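Examining the three-dimensional arrangement
One letter stands for each residue in the lines below.
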Amino acid sequence: MIITAGLFLIMQIIFIAINGTFLEPNLNRMGNFASGIAENPFFYKWFILYDNPIFKLITTVGILHIIYVLIKTAVLGFKEKDTKPS
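Basis of the calculations
- Residues numbered from 1 in each chain as written.
- Predicted model: local features only at pLDDT ≥ 70, side-chain atom pairs only at ≥ 80, totals over all residues.
- Heavy atoms only, no water.
- Helix = DSSP H or I, 4+ residues; strand = E, 2+ residues; numbered from the N terminus.
- Buried < 20%, exposed > 50% of the residue type's maximum accessible area, 1.4 Å probe, protein only.
- Contact = heavy atoms within 4.5 Å.
- Areas by Shrake-Rupley, 256 points an atom, 1.4 Å probe, with all protein chains shown as cover.
- Polar contact = N/O pair within 3.5 Å; in protein donor to acceptor, adjacent residues only side chain to side chain.

1. A few points about the overall build of the protein
Regarding its fold elements, the protein presents 4 helices and 0 strands. When the helices and strands of the protein are placed in sequence order, the string is α-α-α-α. Residue burial in the protein is summarised as follows: out of 86 residues, 26% are buried. Within the protein, counting contacts between residues at least 6 apart in sequence, those at least 24 apart form 62% of the total. Here the protein displays about 6700 Å² of accessible surface, and carbon together with sulfur accounts for 70% of that area.

Structure below.
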């Protein structure tokens, strides 16, 4: 979990550093499907940290991954607690 959160924070620092520069990715190279997802109105309303829709999409996937890891860790922790002999 610590590795996931650390990588997410590093990714956010990189995104903040290259947002608005010539280094940010181009939507034209993504293809129709990925660019359609990245231009979804959900990302424009809820994720206003970046101007680039690709960064918004990757940030959303990262947040969903962190939530998944937290839930998985909690479930495995409860299962381990139940199987220990008292």
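2. Notes on the side chain of Thr60
Looking at the secondary structure, you find Thr60 in helix H4 (residues 53–83). A relative accessible area of 11% means that Thr60 is categorised as buried. At 2.8 Å, the side chain of Thr60 and the backbone oxygen of Lys56 are in polar contact.

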